[in-house]
Number of protein chains: 2
Amino acid sequence: MIANLSITEENYIKAIYHLQQTDGNVTTNEVAEMLHTKAASVTDMLKKLNAKNIVNYAKYQGFTLSDDGRKIALSIVRKHRLWEYFLVEKLQFGWDEVHEVAEELEHISSLKLVEKLDAFLEYPKFDPHGDPIPDVNGKMVYQPQINLTDLPPSELAEVTAVGSQSTELLELLKHKKIAIGTKIIIKKKFLFDNSIEIKLQNQAAFTISQQLAQALFVKKTPNE
Amino acid sequence: MIANLSITEENYIKAIYHLQQTDGNVTTNEVAEMLHTKAASVTDMLKKLNAKNIVNYAKYQGFTLSDDGRKIALSIVRKHRLWEYFLVEKLQFGWDEVHEVAEELEHISSLKLVEKLDAFLEYPKFDPHGDPIPDVNGKMVYQPQINLTDLPPSELAEVTAVGSQSTELLELLKHKKIAIGTKIIIKKKFLFDNSIEIKLQNQAAFTISQQLAQALFVKKTPNE
DNA sequence: TAATTATTTTAGATTCGCCTAAAATATTAT
DNA sequence: ATAATATTTTAGGCGAATCTAAAATAATTA
Ligand SMILES: [Mn+2]
Ligand SMILES: [Mn+2]
Ligand SMILES: [Mn+2]
Ligand SMILES: [Mn+2]
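What you see is a predicted model, and the numbers here were worked out from it, not measured in a lab.

**Q** When you look at the overall build of chain A in this model, what are you seeing that I'm missing?
**A** Tallying secondary structure elements over chain A gives eight helices and eight strands in all. By residue count, 44% of the 224 residues in chain A fall in the buried class. Pairs at least 24 residues apart make up 59% of the contacts formed inside chain A by residues separated by at least 6 positions. Summing over all exposed atoms, chain A offers an accessible surface of approximately 12100 Å²; the carbon and sulfur share of this is 52%. Looking at chain A, you have 26 positive and 30 negative side-chain charges, and the mean spots of the two groups are 3 Å apart.

What follows is the structure, given as structure tokens:
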């Protein structure tokens, strides 16, 4: 059951995992776009992963991860998010700076390292972007959250996650002083451009774009 | 000046660095042996590194690192030893378990990561095996130390470093309760097999082999 | 349904790191 | 100095991961 995969193979497996979270069945072009490579390269890799029983693949039909594939993907996601947590909490990185570094660290193979790191960090449940960290067995906390655009006006909510790790998004959030845990109330929705007027604690209300609202996930907070 | 080297290239550069510490001029076969590869592969890589001005190489003449090459090597050694320190001091690894993991971690490219890690560890000067950690500028503490075989009898000394990171050596040292910092006195040298009778604090004297003695480096301690 | 367009796969090359076998060069022994 | 041996380099090839261009298949549109 011990995998011994190349960094490239691991990156493909993780990409397929993330794509099938939203899409179900994954396509060649989606993977190519996500990994900044070409469709032909993806097909080559799919044949390899299929031969290793990591992916269920039939020509022209799309594909999904096998059970083994999903386990591997979860172990990579686990490492990625644990390292991100380490970078932010222990090394004082900004939450907008950690993704690229974790992209490398997630490929360090030592199992012992992951478990010791997890213990050192005291078994965190969420990474700095609000995404759940799988445990040793691949289990993670399900956080019931909704998109900010689906939050009704006047209800207090708390930011739980962001929809992407792009520098651009995180830069904007930093400027607007919005982070994981920030309390938010929707004041008004504008139908013209789907922009939303929101209010944070101890701050004047301001308006954010539809794009930004869609990138924010929240959970409703008991209005104490 | 930014390098962007493959992991393989980095491993060659580090190997050449270590070999030239003892040998001065380095040979193809030495590198091949250290990296468990073949002489022909080393020649291929030397051409590449020569083209990048990382090594001074002339056919059949042996080679050394260029100034650039040395800088690169030092930055890899710095990362390797910082990570080893991290693994032992923060994650509670044994000193005999960290070398292989650091062999991977040393290739993580983020400069910011190294500096933040160094700060987090409070700028350690030596790794768990007693080897000095280069600072950002490649400078490291010179520790005047001698081989245990050169220590005169009856002089109190302290173990400062070990000559290799092999599991076999570290296992033996653990069993004999010898570590970095351990105080040692030589009781007697046996000419027949160059074995040495030594005594540690609060322990009965025992004899160690020539091979083991050669793997230990010490500094003389003011006999308070 | 048939034609057009989009997607996916194959074919054929390229680069990197590695190998074995043979040739070139250097070293050592006679 | 010449021969034998050791070391290093070259020649030629292989697998992994990538690419472009062309062919195969699927999906969409007319
Ligand atoms: Mn990655
Ligand atoms: Mn994250
Ligand atoms: Mn290495
Ligand atoms: Mn070390």
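**Q** Before we go on, may I ask you to explain the relation of the copies chain A and chain B in this structure?
**A** These two copies of the chain differ by a rotation about an axis and a displacement along the same axis. Relative to chain B, chain A is turned by 180° and slid 0.0 Å along the rotation axis, the superposed coordinates differing by an RMSD of 0.1 Å. Interpreted geometrically, this transformation is the action of a two-fold axis. The rotation axis passes nearest to the C-alpha of L105 of chain A in chain A, at a distance of 3.9 Å. Of the residues that chain A buries at the interface, 100% are likewise interface residues in chain B, meaning the two copies contact each other through the same surface.

**Q** Would you take a moment to explain the sheet that holds strand β4 (residues 157–162) of chain B for this structure?
**A** Where strands meet in a sheet, backbone hydrogen bonds hold them as pairs that are either parallel or antiparallel. Residues and elements named next belong to chain B. The antiparallel open sheet is built from six strands, whose spatial order is β3-β8-β4-β5-β6-β7. The open sheet has two free edges, formed respectively by β3 (146–147) and β7 (206–208), since each of these has just one partner strand. Alignment of strand β5 (residues 183–189) against strand β6 (residues 196–200), held across five bridges, turns out to be antiparallel. In the sheet register, I186 faces β6, and the bridge partner there is I198. Set on the sheet, helix α7 (residues 167–176) makes contact with β4, β6, β7 and β8 (216–220); between it and β4 the angle comes to about 155°.

**Q** Before we go on, may I ask you to explain the domain arrangement of chain A in this structure?
**A** Interface extent is often summarised as the accessible area lost during association of the parts. Along its sequence, chain A is carved into domain 1 (7–65) and domain 2 (146–220). Just the C-alpha atoms count here: the centres of domain 1 of chain A and domain 2 of chain A sit 33 Å apart.

**Q** Please clarify how the pattern of salt bridges should be interpreted in this entry.
**A** A pair can form between side chains of opposite charge whenever their charged atoms are brought close. Residue and element names in this part refer to chain A. Under the counting rule described, the total for this entry stands at 22 salt bridges over all chains. In this structure, the salt-bridge partner of K48 is E9, at a minimum N-O distance of 3.2 Å. Pair noted here: K48 is in helix α3 (residues 39–51) and E9 is in helix α1 (residues 7–23), with a separation of 39 residues, a long-range link. Because the salt bridges share partners, they merge into one network encompassing E9, K48 and K52.

Rules of the game
- Residues numbered from 1 in each chain as written.
- Chains lettered and ligands numbered in written order.
- Predicted model: local features only at pLDDT ≥ 70, side-chain atom pairs only at ≥ 80, totals over all residues.
- Heavy atoms only, no water.
- Helix = DSSP H or I, 4+ residues; strand = E, 2+ residues; numbered from the N terminus.
- Buried < 20%, exposed > 50% of the residue type's maximum accessible area, 1.4 Å probe, protein only.
- Contact = heavy atoms within 4.5 Å.
- Areas by Shrake-Rupley, 256 points an atom, 1.4 Å probe, with all protein chains shown as cover.
- Lys, Arg positive; Asp, Glu negative; His and termini not counted.
- Charge placed at Lys NZ, Arg CZ, Asp CG, Glu CD.
- Least-squares fit on C-alpha atoms with pLDDT ≥ 70 in both.
- Pairing = 2+ DSSP bridges.
- Axes fitted to C-alpha atoms, helices over the stretch in contact; angles between N-to-C directions.
- Domains from an automatic or database assignment.
- Salt bridge = Lys/Arg side-chain N within 4 Å of Asp/Glu carboxyl O.

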